[in-house]
Amino acid sequence: MSKAPTAARSGLLACEVCRLVSHAPPPGSDAYCPRCGAMLHMRKPASLARTWAFLIAAIILYVPANTLPIMDTSSLFGTQSDTILSGVAFLWTSGSFVLASLVFFASVMVPLVKMIALAVLAGSVQMRSVAHPRTRTRLYRIIEFAGRWSMLDIYVVTILVALVQVSTFASIHAGPGAAAFGAVVVLTMFAAASFDPRLIWDIQEKES
Ligand SMILES: [Zn+2]
């Protein structure tokens, strides 16, 4: 473990808004950035508790997101409700293998893997693990990057709705599953934003 100086060890902290470095306040007292007035924190406040809260809410909503219909299609041939998976199956059987794989990957796999990865990160910090800090930091970077791609499903529904409404032979409405799915994506984004990856390294320093 390198002994390079860190801001925390030197009693300094950076403003999260304007990045001005100031002296850390005594523990338990509030401090504000002397330049821009933003509240100063050594680490994201209640990082672990917030990450768990958003993550557990996301895990619960992942169930209706996958079991409730994400869109209802009414046409001359009747009404049809599709969940994400039945939509993927429909795309696959109608020959759109690339689109089916894309929707399955972005809407089913990405949120699932993201929730598992966040649980691993939060759980390892909770249990004060010192194992593989670099790998876990890399995992956090991947989670942040992947979050931007998981709204793809909502775009697909939006494009389908626009296409079908133009033809006027059928109408598509977003089902309750779409709201749950959107909530899962937003909640996992909040969970990732609440997690402070510096906690991984704080434990390394204390335990070494
Ligand atoms: Zn500032």
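Here the structure is a predicted model, which is why all the values come from computation and not from measurement. (Residues numbered from 1 in each chain as written. Predicted model: local features only at pLDDT ≥ 70, side-chain atom pairs only at ≥ 80, totals over all residues. Heavy atoms only, no water.)

**Student:** Any chance you could explain the sheet that holds strand S4 (residues 78-82) here in plain terms?
**Tutor:** Sheet strands line up and pair through hydrogen bonds in the backbone, either parallel or antiparallel. Strand order in the open sheet made by the three strands is S4-S3-S5, with antiparallel pairing throughout. Edge positions in the sheet fall to S4 and strand S5 (170-174), since each of these pairs with one other strand and no more. Between one strand axis and the next, the sheet turns through 15° on average, direction left out of account. Bridge analysis of strand S3 (residues 71-75) against S4 gives five bridges, and the strand direction is antiparallel. Residue pairing in the sheet places aspartate 72 in a bridge with serine 81 of S4. (Pairing = 2+ DSSP bridges. Helix = DSSP H or I, 4+ residues; strand = E, 2+ residues; numbered from the N terminus. Axes fitted to C-alpha atoms, helices over the stretch in contact; angles between N-to-C directions.)

**Student:** Sorry if this is basic, but what is going on with the pattern of salt bridges here?
**Tutor:** Opposite charge on two side chains permits them to pair, given that their charged atoms come into close proximity. Within the structure shown, the criterion is met by two salt bridges. Two residues, aspartate 202 and arginine 43, come together in a salt bridge whose shortest N-O distance is 2.8 Å. With aspartate 202 in helix H7 (residues 198-207) and arginine 43 in the loop between strand S2 (21-23) and helix H1 (47-67), the pair connects residues that are 159 residues apart, well separated along the chain. With a closest N to O distance of 3.0 Å, arginine 198 and aspartate 196 form a salt bridge. Judged by its relative accessible area of 35%, arginine 198 is partly exposed. (Salt bridge = Lys/Arg side-chain N within 4 Å of Asp/Glu carboxyl O. Buried < 20%, exposed > 50% of the residue type's maximum accessible area, 1.4 Å probe, protein only.)

**Student:** What's the story with the UniProt feature "transmembrane region" (unreviewed entry) in the chain in this structure? I'm lost.
**Tutor:** Mapped onto the present numbering, the UniProt feature "transmembrane region" (unreviewed entry) falls on residues 52-71, 112-131, 152-172 and 178-195. End C-alpha to end C-alpha, residues 52-71 measures 30 Å, and it is 80% helix and 5% strand. Taken as a whole, residues 112-131 contains 75% helix and 0% strand, while its terminal C-alpha atoms sit 23 Å from one another. (UniProt positions renumbered as here; feature names shortened; annotations may be inferred.)

**Student:** Just to check I follow, could you spell out H1 for this structure?
**Tutor:** At 3.6 residues per turn, the α-helix brings residues three or four places apart onto the same side. For H1, with 21 residues, the first-to-last C-alpha span of 31 Å sits near the 30 Å given by 1.5 Å per residue. Regarding H1, the residues found buried are Ser47, Leu48, Thr51, Leu55, Ala58, Tyr62, Ala65 and Asn66. Contacts from the buried residues of H1 go to helix H2 (84-93), helix H3 (97-126), helix H6 (176-194) and H7. (Expected span 1.5 Å × (residues − 1). Contact = heavy atoms within 4.5 Å.)

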